[in-house]
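Here is how the chains run, residue by residue.
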Amino acid sequence: MEKKFGTPKCALDFKTPFELLVAVILSAQCTDKRVNIVTEEMFKHVNTPEQFANMELEEIENYIKSTGFFRNKAKNIKKCSEQLLEKYNGEIPQDMDKLTELAGVGRKTANVVRGEVWGLADGITVDTHVKRLTNLIGLVDSEDPVKIELELMKIVPKKSWIVFSHYLILHGRATCIARRPRCLECEISKYCNYGIKKLSE
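Keep in mind that what you see is a predicted model, and the values were worked out from it rather than measured.

Visitor: Sorry if this is basic, but what is going on with the overall build of the chain here?
Guide: Within the chain, the regular secondary structure consists of 12 helices and 0 strands. Counting from the amino terminus, helix and strand elements in the chain follow one another as α-α-α-α-α-α-α-α-α-α-α-α. Here the chain has a C-alpha radius of gyration of 18 Å; the compact-globule value for 201 residues is 17 Å, and the two agree. Projected onto its principal axes, the C-alpha coordinates of the chain cover approximately 60 × 30 × 30 Å. Every one of the 201 residues in the chain was classed for burial, and the buried ones make up 46%. At a minimum sequence separation of 6, the contacts of the chain that also span at least 24 residues come to 53%. Carbon and sulfur atoms form 51% of the exposed surface of the chain, whose accessible area is close to 11,200 Å². Between the averaged position of the 31 positive side-chain charges in the chain and that of its 28 negative side-chain charges there is a distance of 6 Å.

This is how it looks when you write it as C-alpha cells:
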C-alpha cells in the first residue's frame, strides 16, 4: 500500500480544524467528492463556530442538502458549534473524550480530526471502506465499527494507525471496489481471504 499510494492525504478539503470537523460530519453516508463540492461553496460564506451557531437551521440545511440526512447534520453542526463556543472558546479540543462529547462527533470523526490535525492516534478510523476491506481480507469478522477498531488496534502497529485507514480507503476506491473487486489486479490478493478464494475459482 505504501509503494502504491506513497504518503496519503485526507480526501476532504479543509483549511482549519473546524472546517475539517464540519466536513467529516457531512461525510456520513456521503462521498468525499460531494462533501468537497458542498464545502467549497459553503466555506466561502460561513466557516467558523460563531457563524454556524448564529445561523438558522434552514440556512445550514440549504447549504448541505445534497449530502443526505441534511436535517440531522445541520442540527449537529449548529449544536457542535454552540458547544465549542460555550466550552472551548471556539477551539477544537484535542482530547478524544471531549471531542466525542460534541454533537455529531463519534470515534470515527474524532480519529480523523485528531490524526489529520495533530498527528494523534488513539484509535483507527473505521469508515465503510475500512469495515468492508478488513472483513474481506480476514483481519476481522464483524460489522460493528467499534469492535473492528478494537480488533485492528491489536494487530496494526500504533505508528501505522493513521495511514492504515487512508491506505484501505484509497485501495477500496481504486481496486477493491464494492460491487466489483478487481482481485486479479490487487497487490495484496495473496494475503486476502476473499482474494485467495476468488483467484482459486
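Visitor: Where do I start with the packing of aromatic side chains in this structure?
Guide: Two aromatic rings are characterised by how far apart their centres lie and by the angle between their planes. A complete count under the given rule lists 2 aromatic pairs for this structure. Here the aromatic rings of phenylalanine 5 and tyrosine 167 are separated by 6.4 Å at their centres, their planes lie at 20 degrees, and the arrangement is stacked. Of this pair, phenylalanine 5 sits in helix H1 (residues 2-5) while tyrosine 167 sits in helix H11 (residues 161-174); the two residues are 162 residues apart in sequence, bridging distant segments of the chain. Between phenylalanine 18 and phenylalanine 52 the ring centres are 5.8 Å apart and the planes differ by 55 degrees, which places this aromatic pair in the tilted class. With phenylalanine 18 in helix H2 (residues 17-26) and phenylalanine 52 in helix H4 (residues 49-53), this pair connects stretches of sequence that are 34 residues apart.

Visitor: Please explain the layout of surface pockets as it appears in this structure.
Guide: One water molecule sets the probe size; rolling that probe over the atoms shows where empty space is left. What the largest pocket holds in volume is close to 890 Å³. As for the largest pocket, its lining consists of 40 residues, of which Ser27, Ala28, Asp32, Lys108 and Asp127 are closest to the centre. Listing elements by their share of the lining of the largest pocket, those giving two or more residues are H2, helix H6 (70-88), helix H8 (107-118), helix H9 (128-137) and H11. Here the lining of the largest pocket spans two domains, since at least three of its residues come from each of domain 1 (17-118) and domain 2 (128-200).

Reading guide: rules and limits
Residues numbered from 1 in each chain as written. Predicted model: local features only at pLDDT ≥ 70, side-chain atom pairs only at ≥ 80, totals over all residues. Heavy atoms only, no water. Helix = DSSP H or I, 4+ residues; strand = E, 2+ residues; numbered from the N terminus. Rg over C-alpha atoms; globule rule 2.2 N^0.38 Å. Buried < 20%, exposed > 50% of the residue type's maximum accessible area, 1.4 Å probe, protein only. Contact = heavy atoms within 4.5 Å. Areas by Shrake-Rupley, 256 points an atom, 1.4 Å probe, with all protein chains shown as cover. Lys, Arg positive; Asp, Glu negative; His and termini not counted. Charge placed at Lys NZ, Arg CZ, Asp CG, Glu CD. Phe/Tyr/Trp six-rings, centres within 6.5 Å; stacked < 30°, edge-to-face > 60°. 1 Å grid on protein atoms, 1.4 Å probe; cavity = no way out; pocket = protein on both sides within 12 Å on 5 of 7 lines; lining within 4 Å. Points joined across faces, edges and corners; volume = space filled by probe spheres on them. Domains from an automatic or database assignment.

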